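If you want the building blocks of each chain, they are given just below.
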Amino acid sequence: MKQEFSARQLDLKAFAQAKGMLSGQGSLTDFERLKGETEDPAGSTVIWEARGELRSADGGRDQVWLHLATRTSLALVCQRCMGLVETPVASDRWFRFAPDEASAAALDDESEEDVLVFGGAFDLMELVEDELLMSLPLVPRHERCPVDVQLAAADPDFEESAVKPSPFAGLASLRRDKAG
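Chemist: Describe the overall build of the protein, naming the residues involved and giving the relevant values.
Modeler: Counting secondary structure elements, the protein contains six helices and five strands. Going residue by residue from the N terminus, the α and β elements of the protein occur as α-β-α-β-β-β-α-β-α-α-α. Burial analysis of the protein (180 residues in total) assigns 32% to the buried set. Carbon together with sulfur atoms contributes 49% to the accessible area of the protein, which is approximately 12,200 Å² in total.

Set out below in structure tokens:
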């Protein structure tokens, strides 16, 4: 009999022991924090896949590992033209789990992958959302904006104001005329 797992209340150790796999997709509206980053949350779908496994560690103890792949496409604001740009966002990472904070801190210093602490039920959907949030581009923009964008830093009105003579220059010329 195949064991059933819930993404919202995942028993990580049992999931890893069973070499469990979960996958799914859902509306962006189910992810509040991620929804706040986009201009059109209604049209996006979040797709995710998780796989658990046990790996032998030094000392013979098995460690819980989780592979998580996520992807979606979000309507973000282009920072060049200020129009909407459809931006693919994806994450594909391994996580190692430790039984407590001290163990996690020690493992985190010596490993490249992320180390998380597991306890009771684990909410995989929170991790899906976290990974997508961390994968957002710092500066979303089009490869080529659909409208011409003026990239010059100079302002023509400012340039015109710089050409006007200073009122103090007139005073200086009066002073020279009286002195001469």
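Read on for the rest.
Chemist: Go over a nonpolar patch on the surface with me, naming the residues and quoting the values.
Modeler: Taken together, the side chains of F168, L171 and L174 define a hydrophobic patch exposed on the protein surface, amounting to about 360 Å² of accessible area. For L174, the location among the structural elements is in helix α6 (residues 167-179). The exposure class assigned to L174 is exposed, which follows from its relative accessible area of 52%.

Chemist: Got a sec to walk through the state of the cysteines? Specific residues and values, please.
Modeler: Under the criterion given, the structure shown has zero disulfides. Among the cysteines around C78, which has no disulfide bond, C145 carries the closest sulfur, lying 3.7 Å off. The class of C78 is buried, set by a relative accessible area of 0%. Distance from the sulfur of C81, which forms no disulfide, to the nearest cysteine sulfur (C78) is 3.7 Å.

Chemist: Describe the environment of A14, listing the residues and the values that go with them.
Modeler: Mapping A14 onto the fold places it in helix α1 (residues 12-17). When the C-alpha atoms of A14 and Q3 are compared, they prove to be 9.0 Å apart, with 11 residues separating the residues in sequence. Apart from the residues within four sequence positions on either side, A14 is in contact with Q3 and F5.

Chemist: Can you tell me about the sheet that holds strand β2 (residues 45-56), naming the residues and giving the values?
Modeler: Strand order in the open sheet formed by five strands is β1-β2-β3-β4-β5, and the pairing between neighbours is mixed. Each edge of the sheet is formed by a strand with only one pairing partner; in this case those strands are β1 (21-27) and β5 (114-117). Recorded for the sheet is a direction-independent mean angle of 30 degrees between the axes of neighbouring strands. Pairing of β2 with strand β3 (residues 62-77) involves 10 bridges; the strand directions are antiparallel.

Chemist: How would you summarise the confidence of the model for the protein if you had to cite specific residues and measurements?
Modeler: For the protein, mean pLDDT is 86; residues scoring 70 or higher make up 88% of the total. Per-element confidence in the protein ranges from a low mean pLDDT of 60 for helix α5 (residues 156-163) to a high of 96 for helix α4 (residues 124-134).

Chemist: If you had to explain the nonpolar core to someone new, which residues and values would you point to?
Modeler: Counting residues in each nonpolar core, the largest one holds 33 residues, and the members touching the most others are L10, L22, W48, L124 and V128. If you list the elements that add at least two residues to this core, you get α1, β2, β3, β4 (84-98) and α4. Residues contacting L124, with those up to four places away along its chain left out, are A7, L10, L22, W48, A50, L66 and L68.

Chemist: Outline α4, supporting the account with residue identities and numerical values.
Modeler: Within α4, the full set of buried residues consists of L124, M125, L127, V128, E129, E131 and L132. Contacts made by the buried residues of α4 are with β1, α2 (32-35), β2, β3, β4 and β5. The backbone nitrogen of M125 lies 3.1 Å from a side-chain oxygen of the residue at the head of α4, namely D123.

Chemist: Give a description of the environment of L34 that names residues and reports values.
Modeler: With respect to the element layout, L34 can be found in helix α2. Since its relative accessible area comes to 0%, L34 is described here as buried. In the structure, L34 is positioned 98 residues away from L132 in sequence and 7.5 Å away in space, judged by C-alpha atoms.

Chemist: Give a detailed account of the pattern of salt bridges, specifying residues and quantitative values.
Modeler: Using the criterion set out here, one finds seven salt bridges in the structure. One salt bridge connects D123 with R8, and the closest N-O pair in it is separated by 3.3 Å. Highlighted residues: D123 in the loop between β5 and α4 and R8 in the segment before α1, separated in sequence by 115 residues. In this structure, R93 and D114 form a salt bridge, with 1.4 Å as the shortest nitrogen-oxygen distance. Taken as a pair, R93 in strand β4 and D114 in strand β5 lie far apart in primary sequence, 21 residues in all. For R93, a relative accessible area of 28% puts it in the partly exposed group.

Basis of the calculations
- Residues numbered from 1 in each chain as written.
- Predicted model: local features only at pLDDT ≥ 70, side-chain atom pairs only at ≥ 80, totals over all residues.
- Heavy atoms only, no water.
- Helix = DSSP H or I, 4+ residues; strand = E, 2+ residues; numbered from the N terminus.
- Buried < 20%, exposed > 50% of the residue type's maximum accessible area, 1.4 Å probe, protein only.
- Areas by Shrake-Rupley, 256 points an atom, 1.4 Å probe, with all protein chains shown as cover.
- Patch = residues over 30% accessible without salt bridge, like charges linked within 9 Å, V, L, I, M, F, W, Y side chains within 5 Å.
- Salt bridge = Lys/Arg side-chain N within 4 Å of Asp/Glu carboxyl O.
- Disulfide = S-S within 2.5 Å.
- Contact = heavy atoms within 4.5 Å.
- Pairing = 2+ DSSP bridges.
- Axes fitted to C-alpha atoms, helices over the stretch in contact; angles between N-to-C directions.
- pLDDT = per-residue confidence, 0-100.
- Core = buried A, V, L, I, M, F, W, Y, C linked by side-chain atoms within 4.5 Å.
- Polar contact = N/O pair within 3.5 Å; in protein donor to acceptor, adjacent residues only side chain to side chain.

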